Amino acid sequence: MRELNIPEQRHPEKAHKPDQAQPKKPSWIRVKAPTSQGYQDTRAILKSNRLVTVCEEAGCPNVGECWSQGHATMMIMGEICTRGCSFCNVATGRPDTLDAFEPGRVAHAVQTLGLKHVVITSVDRDDLKDGGAEHFAQTIRAVRHRAPGTTIEILTPDFLKCDARALEIVVEAKPDVFNHNLETVPGLYPEVRPGARYFHSLRLLQRVKDLDPTIFTKSGIMVGLGEGAMQVKQVMDDMRAADVDFLTIGQYLQPSPKHHRVDRFVHPDEFKEYERAAYGKGFLMVSATPLTRSSYHAGDDFARLRAARLTKLGLA
């Protein structure tokens, strides 16, 4: 059995890489350690249902705040990813077989936590013919059955090695929000996201809208990896050309010395400028702060996103 708390076993593909310096975090990026009772209660519910969360696996800095409010992002299809992106803290390797009972456990946890909005993500499963599309669909259907009043946001892999039918299976399950992150600017893909293809991911988002225009689409990138402001704004234009509704931009934080280095810590004022630029380009919703992550404040943001669409359509 692999010990995923040992860095060399968690990230075997990074073990041979030289250490990268980890610069001291500025004051605006620091968060308090989680200690609240709400955090403990959420953790207990997730553990009792044997569920994995991206909050823990990716080392999210907002875990204390979100879990204290009973919010958690479920990560389905195991805790081992078939990709080895240089920025990511999720373990890499050969995953286990799918757990047929996992969709039901996710739905039970959503019901128990009383979630009004849930985010469901997954590891990449390049070992599966459909990339895990049917498992996503089963999980969406299970949550709809157990918690019919809960809105569902999914954060999916790119289904790069799958037939086009894989995406159709997920869209047919009708999540409320379909999120797939571009992660960074195209010029950094070879070193940051080597197993992915920028324009494939962009087309994936566009196809969701082609298949079902009622589904909100969402995507995000990290900054502080070595990109420039003009490159970020070009990604915004590419997303709008693909009719993406919601953009998230957050600061990249280096999980370990073996991961991609932090090029710089982007000042909050620059995030505000990105937010202004993105709204000017036509996004319905933008979240751009140093601590922004894909599912951070997702429930509140979904309510604002839905209201923004109604306003745009003149129905508010």
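For clarity, every value in this text was computed on a predicted model and none was experimentally measured.

(A) Spatial organisation of the sheet that holds strand β8 (residues 216–223). The eight strands lie next to each other as β1-β2-β5-β6-β7-β8-β9-β10, forming an open sheet whose pairing is mixed. Only two strands of the sheet have a single neighbouring strand rather than two, namely β1 (52–53) and β10 (285–288). By the bridge criterion, four bridges tie strand β9 (residues 246–251) to β10 in an arrangement that is parallel. Residue pairing in the sheet places phenylalanine 246 in a bridge with methionine 285 of β10. Seen against the sheet, helix α9 (residues 198–211) touches β7 (177–179) and β8 and runs at an angle of roughly 165° to β8. Contacts from helix α12 (residues 298–312) reach β5 (117–122), β6 (151–155), β7, β8, β9 and β10 within the one sheet, and its direction differs from that of β8 by about 125°.

(B) Here's a closer look at a nonpolar patch on the surface. A contiguous nonpolar patch, built from Leu310, Leu313 and Leu315 and spanning about 300 Å² of accessible area, is present on the exposed surface. The topology assignment puts leucine 310 in helix α12.

(C) Spatial organisation of the pairing of β6. In terms of residue burial, β6 counts as a mostly covered element, since five of its five residues are buried. Across the two faces of β6 the burial is the same, with Thr151, Glu153 and Leu155 and Ile152 and Ile154 all buried. Across five bridges, β5 lies against β6 in parallel orientation. Note on β6: the bridge partner recorded for valine 118 is isoleucine 152. Considered for its hand, the β-α-β crossover made up of β5, helix α6 (residues 133–146) and β6 is right-handed. Pairing geometry for β6 and β7, over three bridges, is parallel.

(D) Spotlight on the nonpolar core. With 40 residues, the main nonpolar core has Met74 and Ile120 as its most contacted residues. Among the elements that line this core, the one with the most residues is α6, at six residues. Discounting chain neighbours no more than four positions away, the residues touching methionine 74 are Leu46, Leu51, Val52, Val106, Ala109, Val110, Leu113, Val118, Val119, Ile120 and Thr121. Ranked by size, the runner-up nonpolar core spans 37 residues in total, among them Cys85, Val185, Ala196 and Val223.

(E) Main features of the layout of surface pockets. One number sums up the size of the second largest pocket: a volume of about 550 Å³. What lines the second largest pocket is a set of 21 residues, among which Leu4, Gly78, Glu79, Ile80 and Asp96 lie closest to the centre. Broken down by class, the residue content of the lining of the second largest pocket amounts to seven nonpolar, three polar and eleven charged.

(F) Here's a closer look at the state of the cysteines. Applying the stated criterion to the full structure yields zero disulfides. You can see cysteine 81 has no disulfide; the closest cysteine sulfur is in cysteine 88, sitting 6.5 Å from it. Cysteine 162 takes part in no disulfide bond, and the closest cysteine sulfur, belonging to cysteine 81, lies 13 Å away.

The rules behind these values
Residues numbered from 1 in each chain as written. Predicted model: local features only at pLDDT ≥ 70, side-chain atom pairs only at ≥ 80, totals over all residues. Heavy atoms only, no water. Pairing = 2+ DSSP bridges. Helix = DSSP H or I, 4+ residues; strand = E, 2+ residues; numbered from the N terminus. Contact = heavy atoms within 4.5 Å. Axes fitted to C-alpha atoms, helices over the stretch in contact; angles between N-to-C directions. Patch = residues over 30% accessible without salt bridge, like charges linked within 9 Å, V, L, I, M, F, W, Y side chains within 5 Å. Areas by Shrake-Rupley, 256 points an atom, 1.4 Å probe, with all protein chains shown as cover. Salt bridge = Lys/Arg side-chain N within 4 Å of Asp/Glu carboxyl O. Buried < 20%, exposed > 50% of the residue type's maximum accessible area, 1.4 Å probe, protein only. Right-handed = clockwise from strand over helix to strand, strands pointing away. Core = buried A, V, L, I, M, F, W, Y, C linked by side-chain atoms within 4.5 Å. 1 Å grid on protein atoms, 1.4 Å probe; cavity = no way out; pocket = protein on both sides within 12 Å on 5 of 7 lines; lining within 4 Å. Points joined across faces, edges and corners; volume = space filled by probe spheres on them. Nonpolar A, V, L, I, M, F, W, Y, C, P; charged D, E, K, R; others polar. Disulfide = S-S within 2.5 Å.

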